[in-house]
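Residues per chain are reported as follows:
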Amino acid sequence: MSVISTEINENIAIVTVDNPPVNALSHAVRNGLCDALKDVSDKEDVQAIIIICAGRTFCAGADISEFGKPPLTPTLPDLMDIMDGVSKPLVAAMHGTALGGGFEVAMCCHYRIMDINGKVGLPEVNLGLIPGAGGTQRLPRLIGPEAALDMICSGKPITAKSAMDLGIADHVREGNLLETAIDFTRNLLKDKKPVRRVSDLTCDADNEIFEAYKTKSERKFRGFLAPFAAIEAVKASTELCFKDGIKFEREKFKELVSSSQSKAQRHLFFAERAAAKVPGIDKNTASRDIENVAVIGGGIMGCGIAINFLNAGMPVTLLEISAEAGASAKQKIEDIYNSSVAKGRISEEQMARAIDLLTISDCYDDLSATDLVIEAVYEDMDIKKQVFEKLDQILKPDAILATNTSFLDIDEIATATNRKGDVIGLHFFSPAHIMPLLEIIRTGNTEGDVIATAFALARKIKKTAVLSGVCYGFIANRMSSCYGREAGLLLMEGATIEQVDRVMYDFGMPMGMFSMLDMAGIDIGVMARENLSTDAYDERAFSVHAALVAEGHKGQKTGTGFYRYDDGKKPNPRAEELALEMAKKYSITRREISDREIEDRCVLALVNEGYKILEEGIAMKESDIDVVYALGFGFPRYKGGPMHYARHLGLKKCLKKIEEFAEKHGERWWSPSSLLIKLAKEE
Ligand code: 3HC
């Protein structure tokens with residue numbers, strides 16, 4: 001079946017794109033559109049043309065899978081040239097998400113109408129790109145450079161109402177879009193409305209707005225190339241004629257599309273979607289109905305978890321040990337909502353609706369009709385097992401029993417029940433109502449429909465989910481522990497707190513390891529390690545942490561940790577002293593440490609552990625590990641995640657360095673992954 005069909009309705013040609021799932025502008029679509037437009041342009045009885053899409057959305061952009069391959073003509077710019085040459089009114093009728101090239105097609109039309117629930121946007125920056133089919137030249141002409149900068153640099157789509165207010169949409173309607181489009185076009189013809197090309201418009205602006213925008217963006221888009229290229233391209237729309245502006249945009253687009261940043265960001269785009277594809281589980285796998293949720297434990301984590309479901313319109317029962325503890329949890333949730341209202345993120349009504357869905361309880365019996373229970377109590381095996389034992393007695397058959405443990409063996413937790421198949425890990429990241437990642441942990445016994453339900457639920461609460469097997473720390477925290485170990489050892493070997501943090505910040509992480517520990521609370525890791533045998537971790541690496549906590553320096557919450565916060569943020573001299581003491585205690589020779597060594601050891605610790613996690617079958621796919629580290633810990637998206645970055649560096653090169661570290665620092669932590677050895681040989 002052709003992806004393009006044309007129907008003539010009296011004197012109006014209706015050109016329909018039908019390229020599921022999202023009507024991406026693949027070669028076949030571009031080709032079909034060019035042919036259809038040429039064809040109907042030549043037909044004398046056709047006086048106007050509507051472009052509309054079948055299925056769930058208007059074109060959601062260029063076909064991303066074609067990037068990096070030799071371009072096939074007609075390209076999108078070729079299509080735009082043909083559209084700009086059409087001399088009959090051209091109307092775009094948009095529903096769903098008209099994104100990227102899709103929105104650029106619509107901007108090349110002379111009139112735009114939108115379904116009331118539709119959205120338009122230019123999300124190319126999320127792929128390390130700028131709009132490459134006229135978006136940076138047409139949008140500023142249509143809505144002015146400042147509004148265009150906001151849309152292009154943020155990549156965020158806007159609603160039909162905003163599109164109407166900004167002058168993007170000429171008409172927004174509820175109901176049958178095609179009928180609306182035909183009526184609208186008939187009226188255009190009746191009123192003899194002209195062909196109206198955006199390329200004929202001009203726009204100008206003071207140079208200062210671009211300088212100011214660049215300055216404002218420096219922190220927000222640190223490390224990313226695309227937003228800054230977008231600023232230059234929008235600036236060009238105010239300085240150059242349309243044709244030259246398009247040339248400028250094209251050059252920038254070409255540079256970016258072959259950059260390592262765009263490759264990395266495109267890799268993550270597909271990796272995030274691939275993460276939900278689990279062998280043996282597909283659309284046809286039955287999943288369980290989850291109408292309501294209970295969260296056990298009203299700490300900051302439990303409250304954050306509860307908010308996810310309240311936001312999704314699901315009733316939540318939050319269970320605490322006493323009425324007072326319950327009231328305090330409710331207060332925490334209300335505080336979070338109040339702050340969202342104050343920041344303008346949600347309205348008072350949305351907050352009231354969400355809080356109405358919350359029930360506080362201190363009685364397990366209240367959970368008897370619950371579909372999903374997520375335990376978020378203290379990280380202790382015995383306590384967790386007691387909770388699961390109680391749940392086993394109370395919950396109805398088919399209820400799902402989830403734990404939010406960050407490290408513990410979920411197979412063991414499940415032994416406290418007589419329904420091991422219903423037990424799963426749902427590991428949220430703090431703050432749980434904000435962080436976009438959900439680690440789903442399957443035990444040796446978790447049923448397929450429970451896993452399918454967890455993925456469906458992740459989608460409902462707008463999280464990207466990755467499946468992990470059971471091991472200490474699962475994918476996320478197991479990897480992070482290795483990075484933490486190297487940071488700790490480097491500190492004792494002679495690096496400074498600020499140096500380690502600066503190097504990893506400059507690498508692109510949102511903050512360095514010691515700043516992160518201070519933010520999360522150093523005591524959390526110290527307490528977790530107290531339950532571990534010293535074989536399981538490097539005692540030396542975390543000895544400064546333990547000593548700091550013993551002296552009350554737990555991080556930001558106590559005002560001191562690796563840093564002190566009384567007069568701005570400065571390294572805590574006590575932490576530096578402890579590093580010297582511990583180096584002496586463990587006979588570690590201190591030396592000058594280069595920035596290069598810090599970056600290599602921290603990043604390659606992640607890479608080596610990532611391959612071990614993969615070879616053990618804890619992660620299903622290499623790309624899942626990238627998704628975990630990018631979404632869970634802010635590994636720079638423009639580097640694509642640790643595994644993608646390793647491939648970018650070259651696996652042979654990575655392996656060589658890991659072998660050198662093994663020689664210098666011992667095989668205990670640096671024995672290279674056998675999978676890495678194998679893949680490096682194949683490279
Ligand atoms: N190209 C190729 N495949 C695409 C695609 C695109 N532009 N957009 C989505 N897909 C694929 C996805 O990979 C997924 O495939 P899969 O089922 O095999 O995993 C499938 O379509 C469905 O996508 P989602 O799972 O993401 O579906 P949702 O309903 O959740 O979201 C969406 C739909 C909002 C359209 C989302 O897919 C999206 O944001 N897509 C990307 C949009 C985009 O970035 N457009 C700009 C492209 S670059 C461009 O246009 C350059 C131009 O300026 C020259």
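Rules and cut-offs
- Residues numbered from 1 in each chain as written.
- Predicted model: local features only at pLDDT ≥ 70, side-chain atom pairs only at ≥ 80, totals over all residues.
- Heavy atoms only, no water.
- Helix = DSSP H or I, 4+ residues; strand = E, 2+ residues; numbered from the N terminus.
- Pairing = 2+ DSSP bridges.
- Axes fitted to C-alpha atoms, helices over the stretch in contact; angles between N-to-C directions.
- 1 Å grid on protein atoms, 1.4 Å probe; cavity = no way out; pocket = protein on both sides within 12 Å on 5 of 7 lines; lining within 4 Å.
- Points joined across faces, edges and corners; volume = space filled by probe spheres on them.
- Nonpolar A, V, L, I, M, F, W, Y, C, P; charged D, E, K, R; others polar.
- Phe/Tyr/Trp six-rings, centres within 6.5 Å; stacked < 30°, edge-to-face > 60°.
- Buried < 20%, exposed > 50% of the residue type's maximum accessible area, 1.4 Å probe, protein only.
- Lys NZ or Arg CZ within 6 Å of the ring centre and 35° of its normal.
- Domains from an automatic or database assignment.
- Disulfide = S-S within 2.5 Å.
- Parallel < 35°, antiparallel > 145°, perpendicular 65-115°, else oblique.
- Left-handed = near helix turned anticlockwise from the far one by under 90°.
- Contact = heavy atoms within 4.5 Å.
- Salt bridge = Lys/Arg side-chain N within 4 Å of Asp/Glu carboxyl O.
- Patch = residues over 30% accessible without salt bridge, like charges linked within 9 Å, V, L, I, M, F, W, Y side chains within 5 Å.
- Areas by Shrake-Rupley, 256 points an atom, 1.4 Å probe, with all protein chains shown as cover.
- Lys, Arg positive; Asp, Glu negative; His and termini not counted.
- Charge placed at Lys NZ, Arg CZ, Asp CG, Glu CD.
- Right-handed = clockwise from strand over helix to strand, strands pointing away.

Considering unusual backbone geometry
Right, on to step 1. Each neighbour pair has its own omega, and for Pro 20 with Pro 21 the value is 0 degrees, a cis peptide bond.
Right, on to step 2. On the secondary structure map, Pro 21 appears in the loop between β2 (12–17) and α1 (27–42).
Right, on to step 3. For the bond running from Thr 73 to Pro 74, omega is -5 degrees, close enough to zero to count as cis.
Right, on to step 4. Summarising the element assignment, Pro 74 is placed in the loop between β3 (48–53) and α2 (76–84).
Right, on to step 5. The backbone of Asp 398 sits at a positive phi, close to 80 degrees, despite the residue not being glycine.
Right, on to step 6. Structurally, Asp 398 is set in the loop between α15 (381–394) and β14 (400–403).

So, the sheet that holds strand β1 (residues 4–9)
Right, on to step 1. Taken together, six strands build an open sheet; the order of strands is β1-β2-β3-β4-β6-β9 and the sheet is mixed. Every interior strand has two partners, whereas the edge strands, β1 and β9 (171–173), have only one. In this sheet, adjacent strand axes meet at a mean angle of 20 degrees when their direction is disregarded.
Right, on to step 2. In this sheet, strand β6 (residues 111–115) lies alongside strand β4 (residues 90–94) in parallel orientation, the contact comprising four bridges.

Side note on the sheet that holds strand β5 (residues 97–99)
Right, on to step 1. Read across the open sheet, the three strands follow the order β5-β7-β8; overall the sheet is mixed. The strands lining the two open edges of the sheet, one partner per strand, are β5 and β8 (158–159).
Right, on to step 2. Bridging between β5 and strand β7 (residues 119–121) involves three bridges; their strand directions are parallel. For Thr 97, the partnering residue across the bridge sits in β7 and is Lys 119.

Considerations on the layout of surface pockets
Right, on to step 1. Size it by volume and the second largest pocket reaches roughly 190 Å³.
Right, on to step 2. Forming the walls of the second largest pocket are 13 residues, and the residues nearest its centre are Glu 493, Arg 540, Arg 601, Lys 664 and His 665.
Right, on to step 3. Looking at the lining of the second largest pocket, the elements that each hand over two or more residues are α18 (474–493), α27 (651–665) and α28 (667–670).
Right, on to step 4. Counting residues per element, the lining of the second largest pocket draws most heavily on α18, which supplies three residues.
Right, on to step 5. Looking at side-chain class alone, the lining of the second largest pocket contains four nonpolar, three polar and six charged residues.

Digging into the packing of aromatic side chains
Right, on to step 1. Under the definition given, this model contains 16 aromatic pairs.
Right, on to step 2. Here the aromatic rings of Phe 661 and Trp 670 are separated by 4.9 Å at their centres, their planes lie at 50 degrees, and the arrangement is tilted. Here the two residues Phe 661 and Trp 670 agree in accessibility, since each one is buried.
Right, on to step 3. Taken together through their ring pairs, the aromatic side chains of Phe 429, Phe 507, Tyr 629, Phe 633, Phe 635 and Tyr 645 make up a single cluster.
Right, on to step 4. A cation over a ring is seen here: Arg 529 above Phe 542, with NZ or CZ 4.0 Å from the ring centre.
Right, on to step 5. Between Lys 569 and the ring centre of Tyr 563, over which it is positioned, the NZ or CZ distance is 4.4 Å.

Quick look at the domain arrangement of the protein chain
Right, on to step 1. The domain boundaries assigned to the protein chain delineate domain 1 (4–124 + 133–147 + 155–196), domain 2 (293–468) and domain 3 (476–617 + 650–682).
Right, on to step 2. Between the C-alpha centres of domain 1 and domain 2 there is a distance of 43 Å.

As for the state of the cysteines
Right, on to step 1. Evaluation of the coordinates by the stated rule reveals zero disulfides.
Right, on to step 2. Free of any disulfide, Cys 108 has its nearest neighbouring cysteine sulfur in Cys 109, separated by 6.9 Å.
Right, on to step 3. Of the residues examined, Cys 109 reaches a relative accessible area of 0% and is grouped as buried.

Here we look at the pairing of β1
Right, on to step 1. Sheet topology note: the β1/β2 ladder contains six bridges and is antiparallel. Within β2, the residue paired with Asn 9 across the bridge is Ile 12.
Right, on to step 2. Between β1 and β2, which pair antiparallel in sequence order, lie two residues; one of them, Glu 10, sits at a positive phi of approximately 50 degrees.

With respect to the packing of helix α5 (residues 145–154) against helix α9 (residues 226–239)
Right, on to step 1. As a packed pair, α5 and α9 sit with axes 10 Å apart at the nearest point and diverge in direction by 155 degrees. With respect to their mutual orientation, α5 and α9 come out roughly antiparallel. Here α5 and α9 pass one another in a crossing that is right-handed. In this structure, α5 uses Pro 145, Leu 149, Ile 152 and Cys 153 to contact α9, whose residues at the interface are Pro 227, Ala 230, Ile 231, Val 234 and Thr 238.
Right, on to step 2. Considering only residue class, the contact of α5 with α9 consists of eight nonpolar, one polar and no charged.

Focus: the pattern of salt bridges
Right, on to step 1. Taken as a whole and judged by the stated rule, the model has 41 salt bridges.
Right, on to step 2. Among the ionic pairs, Arg 30 bridges to Glu 66, the shortest N-O distance being 2.9 Å. Residue Arg 30 is located in helix α1, and its partner Glu 66 is located in the loop between β3 and α2; the two are separated by 36 residues in the primary sequence.
Right, on to step 3. Here Arg 30 falls in the buried class, since its relative accessible area comes to 6%.
Right, on to step 4. The partner of Lys 656 in a salt bridge is Glu 660, with the nearest N and O atoms 3.6 Å apart. Of this pair, Lys 656 and Glu 660 both sit in helix α27, four residues apart, which is roughly one turn of that helix.
Right, on to step 5. Through salt bridges with shared partners, one network takes in Arg 485, Glu 486, Glu 493, Arg 591, Glu 597 and Arg 601.

Side note on a negative patch on the surface
Right, on to step 1. A cluster of acidic residues, Glu 324, Asp 362, Asp 365 and Asp 366, forms a negative patch on the protein surface.
Right, on to step 2. Considering the arrangement of structural elements, one finds Glu 324 in helix α13 (residues 323–342).

A look at a nonpolar patch on the surface
Right, on to step 1. Judged by side-chain polarity, Tyr 378, Ile 383 and Met 527 come together as a nonpolar surface patch covering roughly 270 Å² of accessible area.
Right, on to step 2. Mapped onto the elements of the fold, Met 527 is located in helix α21 (residues 522–530).

Structural notes on the pairing of strand β10 (residues 293–296)
Right, on to step 1. Of the two faces of β10, the one holding Val 293 and Val 295 and the one holding Ala 294 and Ile 296 are both buried throughout.
Right, on to step 2. Bridge count for β10 against strand β13 (residues 372–375) is four bridges, and the pairing is parallel. Note that in β13 the partner of Ile 296 across the bridge is Glu 375.
Right, on to step 3. Bridging between β10 and strand β11 (residues 316–319) involves four bridges; their strand directions are parallel. Paired with Val 293 across the bridge in β11 is Val 316.
Right, on to step 4. For the handedness criterion, the β-α-β arrangement of β10, helix α12 (residues 300–311) and β11 is classed as right-handed.

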